[in-house]
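Residues per chain, in single letters:
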Amino acid sequence: SGNASRVVQTAEITLSADNGGERKVSRDDGLIERVDILRGHVRIKQADLQIAADRAVAWIVQTAGKTTHKVTLYLEGNVRVDRPGQTRSHAVLRLDLPETEITPVLKLRHRSRHPRVAQDPLFRRALARQQRRPNTRISEVTYQALPPETTAIPNQKATSSQEPLRRLQLYP
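These figures come from a predicted structure and were not determined experimentally.

Caption draft 1: Structural context of the overall build of the chain. Within the chain, the regular secondary structure consists of one helix and 10 strands. Along its sequence from the N terminus, the chain presents helices and strands in the succession β-β-β-β-β-β-β-β-α-β-β. At a minimum sequence separation of 6, the contacts of the chain that also span at least 24 residues come to 63%.

In structure tokens:
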């Protein structure tokens, strides 16, 4: 998909935690990258999307000279993703948030100094997961009523309920 079809959000992204730190890096490809490492009561919010976890790493990338930010998250420990009508729980999750025009805000109760982000065990796990699964996105759950002939369970009678069914996706 080209840049013309890309949806850019105007909702602010807020990242908060009990402890954490950030490092900014100017990359050779013209991108400015900020790496946030968050621990303890991690909360991430963008519009109606709310995410909670025990620990997280956020990569926030801004193309030099442009106003949009791309946020990639690695979350672990009691991960919960809430949207209206949809809640998902995970042990570990890596996902991309929609691009935003507003610089993501980092709120920490205590700032820690990580002299070398690359040696942080949480960052190393996050980097390994990012390299293993490069594209995981949050998708909407769709509600769909099944035709009457497909609602029958083998050896049981079909129900005639007109309520929509909720499709669940389970991940290992």
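Caption draft 2: Seen up close, the nonpolar core. Grouped together as the largest cluster of nonpolar side chains are 22 residues, with contacts concentrated most on Leu15, Leu38, Ile44, Ile51, Leu73, Leu75 and Leu97. Those elements giving two or more residues to this core turn out to be strand 2 (13–26), strand 3 (31–46), strand 4 (49–63), strand 5 (69–83), strand 6 (86–96) and strand 8 (105–111). If we ignore the near neighbours within four places in the chain, the residues touching Leu97 are Ile13, Ile44, Gln46, Leu49, Ile51, Val71 and Leu73.

Caption draft 3: Broad picture of the pairing of strand 5. Across the 15 residues that make up strand 5, a large majority, 11, are buried. Of the strand pairs in this sheet, strand 5 and strand 6 are connected by 10 bridges, and their pairing is antiparallel. Bridging across to strand 6, Asp82 finds its partner in Thr87. Hairpin connection, strand 5 to strand 6: the antiparallel pair is bridged by two residues, and Gly85 has positive phi, about 80 degrees.

Caption draft 4: Layout of the side chain of Glu33. With respect to the helices and strands, Glu33 occurs in strand 3. According to the relative accessible area criterion, Glu33 is buried, its value standing at 14%. Excluding residues that lie within four positions of it along the chain, Glu33 makes contacts with Arg23, Lys24, Val25, Arg27, Trp59, Ile60 and Val61.

Caption draft 5: View of the environment of Thr103. On the secondary structure map, Thr103 appears in the loop between strand 7 (99–100) and strand 8. Judged by its relative accessible area of 45%, Thr103 is partly exposed. Sequence separation between Thr103 and Val61 is 42 residues; the distance between their C-alpha atoms is 9.9 Å. Those residues within four positions of Thr103 in sequence are excluded, and the remaining contacts are Arg34 and His69.

Caption draft 6: Representation of the pattern of salt bridges. In the structure shown here, the tally under the stated rule is eight salt bridges. Glu22 serves as the salt-bridge partner of Arg34, at 3.2 Å between the closest nitrogen and oxygen. A residue pair is termed long-range when its members are at least 10 positions apart, and Arg34 in strand 3 and Glu22 in strand 2 qualify at 12 residues. The closest approach of N and O atoms between Glu76 and Arg125, which form a salt bridge, is 2.5 Å. Separated by 49 residues along the polypeptide, Glu76 in strand 5 and Arg125 in helix 1 (residues 121–132) bring together distant segments of the chain. Classification of Arg125 as partly exposed rests on a relative accessible area of 40%. Through salt bridges with shared partners, one network takes in Glu22, Arg34, Asp36 and Arg111.

So, how was this worked out
Residues numbered from 1 in each chain as written. Predicted model: local features only at pLDDT ≥ 70, side-chain atom pairs only at ≥ 80, totals over all residues. Heavy atoms only, no water. Helix = DSSP H or I, 4+ residues; strand = E, 2+ residues; numbered from the N terminus. Contact = heavy atoms within 4.5 Å. Core = buried A, V, L, I, M, F, W, Y, C linked by side-chain atoms within 4.5 Å. Buried < 20%, exposed > 50% of the residue type's maximum accessible area, 1.4 Å probe, protein only. Pairing = 2+ DSSP bridges. Salt bridge = Lys/Arg side-chain N within 4 Å of Asp/Glu carboxyl O.

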